[in-house]
Protein chains: 2
Amino acid sequence: MDTHQHLDHYLETHLDESIAELSRFCAQPSVAAQNWGIAEAAEMTADMLRARGFQVQILPTEGSPVVYAEREGRNRDKTLLFYNHYDVQPPEPLDLWETPPFEPTIRDGKLYARGVSDDKGQLVARLFALDALLATEGELPCNVKFVIEGEEEIGSIHLEDAVREHADLFAADACIWEFGGVGQNDEPHQVMGMRGICYVELSVKTADVDTHSGLTGGIFPNAAWRLVWALNTLKSPDERILLPGFYDDVQPPSPRDLELLAALPDPSEDYKRSAGVKAFIKGVEGGLEMWKAALFDPTCTICGLKSGYQGEGSKTVLPAQAIAKVDFRLVPNQSPETVLRQLREHLDAHGFHDVQIKCLGGEHPVKMDPDDPFINLVVEAARPVYGMPQQKIPMSGGSGPGYVFHHYLGVPIATAGIAYPGSNIHAPNENIRLDLYLKGARHIARVVSAFAQSPE
Amino acid sequence: MDTHQHLDHYLETHLDESIAELSRFCAQPSVAAQNWGIAEAAEMTADMLRARGFQVQILPTEGSPVVYAEREGRNRDKTLLFYNHYDVQPPEPLDLWETPPFEPTIRDGKLYARGVSDDKGQLVARLFALDALLATEGELPCNVKFVIEGEEEIGSIHLEDAVREHADLFAADACIWEFGGVGQNDEPHQVMGMRGICYVELSVKTADVDTHSGLTGGIFPNAAWRLVWALNTLKSPDERILLPGFYDDVQPPSPRDLELLAALPDPSEDYKRSAGVKAFIKGVEGGLEMWKAALFDPTCTICGLKSGYQGEGSKTVLPAQAIAKVDFRLVPNQSPETVLRQLREHLDAHGFHDVQIKCLGGEHPVKMDPDDPFINLVVEAARPVYGMPQQKIPMSGGSGPGYVFHHYLGVPIATAGIAYPGSNIHAPNENIRLDLYLKGARHIARVVSAFAQSPE
């Protein structure tokens, strides 16, 4: 057997043990939004790393602690950093789970539990890959570090501080991101960027109490109307975002990005059918046009509206307060700080001094060079496992703290992992497929080996 | 003792019995919105009238039954109609009641219970006044009819059908309205009109499920945005309602109306202070200007907004559905049917075919001649009871089914009753003052006497 055959043999014969460890980890709730089980999950994370001979530090933050771990490898000149998180989404709505979210259960070749895919399964699959390397080679091929935070599901609000403060400690040559996996046809994906985000709560308060619309409709200011008028100034029905200067920093997709997008399959009809959407906005029909709009357009999304009476039937009330949740998705080289400033200036310029802005989270966009050698290494390492290299996707529609690592540590970031489109992350019945879990671990083991041997 | 002294003596010496009867009536829940106790309350209402020798019919409707009652009086050529309702507002929020809403309790000269002012106390005070007339004169001075519905708190949705169908049965020469009472300084009020209303629920559905804003923000239609843009076309920030033709039928206040408004006290500072409002809209400062805006401007009020995520913090969701509750208050000679048609046409003209309109209630405005002889009779009958005539208020900001009676029965409508500004109607700790209950009954007894003797 060659090295890879030894690795694969180890992984195939130890899968049950790894799944058992993952199940124990998933049985520990760790809901950051509800501050539920965070400290216990951080300890468990640390213990799993210590068991593999890692030096572990539990770094306090103003929120959930960051678990940092490092272990030296044969090639001490190369360091690979894994970014993961031990926190999970809230399990609600509970009644839609077929088995309880914190009682991991195997059915039909899948393991069901909250966090089993996002992100505990990703982390344990990586540990499993390292186990295989340690078992077959006696040591790790290169230095390996883990930065495992506990607030990813609430916007990584204290991660930037931690990375800035510990930039020397976390220093590495490359980074494997917390998510990764395959697409609709089990083809492995390489996602090479993340949009930024500026998430705000806009609120208006015009009175201390709701009043009777018959008595006050003609004379009192109405918080709901103020909010509607203010929102209307942010984006026009043709989807143009109206903050002055909003598009100034936008870098359009490069010819290489467009080439990569054009090579992707067109899931437009699937997207529409599965959500019950009749047509895309902006006249977008599908294909390259859809990919460009979905991944490279900055957006302004109303995520929620709340004011006054919301029950059945009628209640003649004039609302004292109104709230909108709004997210702006940002593309390179926009920044959440700039958008926040533009938003305040814009509202003031339109007379909406009464609209309060509360920033609930900001992340910068980040985008890798699609032809970065490390990315190509990860892409190619997939070939023997999946029968094909990873498909390169130049950007994700979603966001994440990629910029923090890219900016403070200067590392290229690649994705590799165990997720699949049916994983139901953030939803009831979150699950992983055991076959893809094994493939993901096989891929990671190959990535570490190849990285240790790659040129400087 | 003259007739009025006999009446007053009876009322003063039988107050406890009337309050006991009212308490029994209030102990019977009758929440139309929750279909709770309606049939029982209708029976109780009928029993109270039968006990006074009235012929009673419980008229079915498609909703709550209408209790109709009549008794002949000495002057068989004159018929006075009382309009009341036996249904009450929901008692929620329960935790804000000092004593349970359906356990009537006397404290500090006040009787507390849900419906004690709106409208059970008004009805029982009228029965009390008739008791005094029957006791002192042996018969009623004129014919008296009652139309007592059970859906006033949910928009009197089946009343118009009932009045149209039974117009001959309900025929009368004049009508006393279900509400009435005194103002801030215990001065009695005569309210001579009601604005109309067109209450709609606007809804947009752009998908079957909420989706992840990162994945879909750039390509999926957003129900919340569609609703905001549609609402924005209805009214501009200067409070101008933008439906074409909306103001065409508006009859401005007459010189007589303006004269009456100018004679009213200016409660502007009280209004603002009690609700915590900094300034009125439309540059209105107070006085006549305030009264004109509050009572004679048609309005378009957003009563509620609901879409997507409404919890604490952030959730990056693109909403599939959005709902707004909107009420239009109408002034003579606008009509809810016209506004509903204008609204549909307007939304369509602006491309908002996707905005659904559900009409949750419509009432026409109604306005009396401020110098109608019956109104003047009721106004003057207050003088010996309150030490002053009723103060004439040409219009109410609120709405009600006045038009139904005025239009189908041709009767003038006057207000007289027991309410006061601290009655907390529609709110926790609804109450009446026993001194004003007695005064209200004394006034009603005088109104019936005077009406029986008034010229044709």
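Residues numbered from 1 in each chain as written. Chains lettered and ligands numbered in written order. Predicted model: local features only at pLDDT ≥ 70, side-chain atom pairs only at ≥ 80, totals over all residues.

### Topic: the overall build of chain A
Along its length, chain A carries 15 helices and 19 strands. Residues classed as buried in chain A amount to 56% of the 456 residues present. When contacts within chain A are restricted to residue pairs at least 6 apart in sequence, those whose partners lie at least 24 apart make up 79%. (Helix = DSSP H or I, 4+ residues; strand = E, 2+ residues; numbered from the N terminus. Buried ≥ 20, exposed ≤ 12 C-beta atoms within 10 Å, placed from the backbone. Contact = placed C-beta atoms within 7 Å.)

### Describing the relation of the copies chain B and chain A
Screw-axis analysis of chain B against chain A gives a translation of 0.0 Å along the axis, an RMSD of 0.0 Å, and a rotation angle of 180°. Here the copies are linked by what is in effect a two-fold axis. When C-alpha positions in chain B are compared against the rotation axis, the closest is assigned to B:Lys306, at 2.5 Å. (Least-squares fit on C-alpha atoms with pLDDT ≥ 70 in both.)

### Some words on the interface of chain B and chain A
The interface is formed by 64 residues belonging to chain B together with 64 residues belonging to chain A. No other element matches the nine residues that strand E12 (residues 299–308) of chain B contributes to the side of chain B that touches chain A. Broken down by class, the residue content of the side of chain B that touches chain A amounts to 32 nonpolar, 23 polar and nine charged. The pairing of strand E12 (residues 299–308) of chain A with E12(B) spans five bridges and is classified as antiparallel. Along E12(B), the bridge assignment pairs A:Gly308 with B:Gly304. (Nonpolar A, V, L, I, M, F, W, Y, C, P; charged D, E, K, R; others polar. Pairing = 2+ DSSP bridges.)

### Considerations on the sheet that holds strand E5 (residues 110–112) of chain B
Residues and elements named next belong to chain B. Taken in spatial order, the three strands of this open sheet run E4-E5-E19, and their pairing is antiparallel. The sheet terminates laterally at strand E4 (105–107) and strand E19 (431–433), the two strands that pair on one side only. Across the sheet, the mean angle separating the axes of adjacent strands is 25° when strand polarity is ignored. One ladder, built from three bridges, connects E4 with E5; its direction is antiparallel. Note that in E5 the partner of Thr105 across the bridge is Tyr112. Along the sheet face, helix H16 (residues 434–453) touches E5 and E19 and points at about 70° away from the line of E19. (Axes fitted to C-alpha atoms, helices over the stretch in contact; angles between N-to-C directions.)

### A closer look at the domain arrangement of chain A
Accessible area lost during the coming together of the parts is what is often quoted as the interface size. All names here are of chain A. Each domain of chain A was delimited in the assignment, giving domain 1 (3–194 + 365–453) and domain 2 (196–250 + 298–363). Using C-alpha coordinates to define each centre, domain 1 is positioned 37 Å away from domain 2. In this complex, domain 1 contributes eight residues to the contact, which on the side of domain 2 involves nine residues. Here the residues of the side of domain 1 that touches domain 2 are counted per class, giving four nonpolar, three polar and one charged. (Domains from an automatic or database assignment.)

### Here we look at the nonpolar core
Of all hydrophobic cores here, the largest spans 289 residues; its most connected members are A:Leu227, B:Leu227 and B:Val448. Aside from chain neighbours lying at most four places away, what touches A:Leu227 is A:Leu202, A:Val204, A:Ser307, A:Ala322, A:Ala324 and A:Val355. (Core = buried A, V, L, I, M, F, W, Y, C linked by C-beta atoms within 7 Å.)

### Quick look at the packing of helix H8 (residues 255–262) of chain A against helix H10 (residues 287–296) of chain A
All names here are of chain A. Viewed as axis vectors pointing N to C, H8 and H10 meet at an angle of 120°, and their least axial separation amounts to 9 Å. Our classification of the angle between H8 and H10 gives oblique. For the element pair H8 and H10, the recorded crossing hand is right-handed. Along its contact with H8, which presents Leu258, Leu261 and Ala262, the element H10 presents Leu288, Trp291 and Lys292. Considering only residue class, the contact of H8 with H10 consists of five nonpolar, no polar and one charged. (Parallel < 35°, antiparallel > 145°, perpendicular 65-115°, else oblique. Left-handed = near helix turned anticlockwise from the far one by under 90°.)

### Remarks on the sheet that holds strand E2 (residues 66–71) of chain B
To summarise the sheet geometry, strands pair through backbone hydrogen bonds and adopt either a parallel or an antiparallel arrangement. Residues and elements named next belong to chain B. Taken in spatial order, the six strands of this open sheet run E1-E2-E6-E3-E7-E18, and their pairing is mixed. Taken across any chain shown, the strands that pair with only one partner, and hence form the sheet edges, are strand E1 (55–59) and strand E18 (413–414). Relative to strand E6 (residues 142–149), strand E3 (residues 75–85) runs parallel, the two sharing eight bridges. The residue of E6 that forms the bridge with Phe82 is Phe146.

### Let's talk about the packing of helix H1 (residues 3–13) of chain B against H16(B)
Residue and element names in this part refer to chain B. Between H1 and H16, whose axes approach to 10 Å, the crossing angle comes to 145°. Between H1 and H16 lies a crossing whose hand is right-handed. Counting all contacts with H1, which are made through Thr3, His4, Leu7, Asp8, Leu11 and Glu12, the residues of H16 involved are Leu438, Ala441, Arg442, Ala445, Arg446 and Ser449. For the contact of H1 with H16, a count of residues per class yields five nonpolar, three polar and four charged.

### Describing helix H3 (residues 120–137) of chain A
For H3(A), with 18 residues, the first-to-last C-alpha span of 26 Å sits near the 26 Å given by 1.5 Å per residue. Where H3(A) ends, the next residue or the one after it, A:Gly138, has phi of about 80°, a positive value. (Expected span 1.5 Å × (residues − 1).)

### A short note on the confidence of the model for chain A
Looking at chain A as a whole, its pLDDT mean stands at 96, while 100% of the residues score no less than 70. If you check the scores for this complex, the pTM reads 0.92 and the ipTM reads 0.92. (pLDDT = per-residue confidence, 0-100.)

### A word on unusual backbone geometry
The omega torsion of the bond from B:Glu92 to B:Pro93 falls at 0°, within 30 degrees of zero and hence cis. Mapping B:Pro93 onto the fold places it in the loop between E3 and E4. For the bond running from B:Asp118 to B:Asp119, omega is 15°, close enough to zero to count as cis. Here B:Asp119 is to be found in the loop between E5 and helix H4 (120–137). One non-glycine residue, A:Asn429, lies in positive phi territory at about 60°.

### Brief notes about the environment of A:Asp77
Residues and elements named next belong to chain A. Following the sequence through the fold, Asp77 ends up in strand E3 (residues 75–85). Given 10 C-beta atoms within 10 Å, Asp77 falls into the exposed group. Note: C-alpha distance between Asp77 and Asp173 (96 residues apart in sequence) is 9.1 Å.

### As for H8(A)
All names here are of chain A. Turning to H8, its buried residues are Asp257, Leu260 and Leu261. With its buried residues spanning 100° around the axis, H8 presents them on a single face. Across from the buried face of H8, at angles greater than 90 degrees, the exposed residues are Pro255 and Ala262. The inward-facing, buried residues of H8 abut H10 and strand E17 (391–393). (Arc of directions from axis to C-beta.)

### Looking at the environment of B:Asp16
Residue and element names in this part refer to chain B. By the element assignment, Asp16 lies in helix H2 (residues 15–26). Residue Asp16 is classed as exposed on the basis of its 9 C-beta neighbours within 10 Å. Residues Asp16 and Thr301, 285 residues apart in the sequence, show an inter-C-alpha distance of 43 Å.

### Overview of the pairing of E1(B)
Residues and elements named next belong to chain B. In this structure, E1 lies alongside E2, joined through five bridges in antiparallel fashion. Across the sheet, Gln55 pairs through a bridge with Glu70, a residue of E2. Between the antiparallel neighbours E1 and E2 lie six residues.

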